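Residues per chain, in single letters:
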Amino acid sequence: MKLYDSDFDYMGDFIDRWNRRVKRARVLLVVLGVLLVIGGIAVAVAPYSLYALIQAAAAFALALYGIFEAVSYFGTPELFRSPTLIVTAILNILLGVMLMTLPAYLTASTLVFLLGFLFIVTGIERLSFSSRMRYFQLPHTGMGAATGVINLLLGIVFLFMPLFSGLVLGYLVAAYLVVAGVTLIIEAAFMRRIDR
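All values reported here derive from a predicted model rather than from experimental measurement. (Residues numbered from 1 in each chain as written. Predicted model: local features only at pLDDT ≥ 70, side-chain atom pairs only at ≥ 80, totals over all residues. Heavy atoms only, no water.)

Caption draft 1: Up close: the overall build of the protein. On a plain count of helices and strands, the protein comes out with seven helices and zero strands. Ordering the α and β elements of the protein from the N terminus gives α-α-α-α-α-α-α. Classification of the 196 residues of the protein by burial places 43% in the buried group. Across the protein, contacts joining residues at least 24 apart in sequence account for 80% of those joining residues at least 6 apart. (Helix = DSSP H or I, 4+ residues; strand = E, 2+ residues; numbered from the N terminus. Buried < 20%, exposed > 50% of the residue type's maximum accessible area, 1.4 Å probe, protein only. Contact = heavy atoms within 4.5 Å.)

Caption draft 2: Examining a nonpolar patch on the surface more closely. The grouping of V27, V31, L35, F60 and L64 at the surface amounts to a nonpolar patch, some 450 Å² of accessible area in total. Elements that contribute at least two residues to the nonpolar patch include exactly α1 (10–45) and α2 (51–75). Among the elements that take part in the nonpolar patch, α1 stands out by supplying three residues, more than any other. Considering the arrangement of structural elements, one finds V27 in helix α1. (Patch = residues over 30% accessible without salt bridge, like charges linked within 9 Å, V, L, I, M, F, W, Y side chains within 5 Å. Areas by Shrake-Rupley, 256 points an atom, 1.4 Å probe, with all protein chains shown as cover. Salt bridge = Lys/Arg side-chain N within 4 Å of Asp/Glu carboxyl O.)

Caption draft 3: Inspection of the side chain of E69 at higher detail. Looking at the secondary structure, you find E69 in helix α2. At 4.6 Å, R126 is the nearest oppositely charged side chain to E69, a buried residue that forms no salt bridge. In this view, E69 contacts L85, T88, A89 and N92; residues no more than four positions away in its chain are not counted. (Lys, Arg positive; Asp, Glu negative; His and termini not counted.)

Caption draft 4: Spatial organisation of the pattern of salt bridges. Evaluated as defined, the whole model comprises three salt bridges. The closest approach of N and O atoms between E125 and R126, which form a salt bridge, is 3.3 Å. As a salt-bridge pair, R126 and E187 come within 3.1 Å of each other at their nearest N and O atoms. With R126 in helix α4 (residues 104–135) and E187 in helix α7 (residues 169–190), the pair connects residues that are 61 residues apart, well separated along the chain.

Everything listed here is a matter of coordinates, which is why it stays silent on function.
Right under this line is the structure:
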């Protein structure tokens, strides 16, 4: 990490980067959010004969979401980076790989705990990023905080109800995909250029 330079305009640098990338980021978030929601709905309503196909689609969506988060982490200026974002990226990629490669009976209990932990870490990351944005007086931080609280609550429910969660694993994966997709769509809807 670079040393802090008091002559450098970190906030201006962040605003310039944000404004250059906001339109493309909005489109990517909406597309990814819609894919996640469609994957979640498909997982929830798919008959068992299509489970392998749906499992592969959900795994692909999770891995893609993890890669998007990793790219986002490295594209964010160092002062605004949150280490929890790279953790959630790695967890999403791991979940995607687990869903893709391992049979369901091996991944069921592990997946429940990973999903719970992932929701909690994602919630913390959203709250932390929203707090930093608010500190620098950047607009539209309320939705980020709200999605962080929702993610935290869902993660706690997953961790405290693992047996029930294991029984309805398909629906949990569906819920995770839908919540992640809706969260991305909401965040994209509130993304705006920042005026100086």
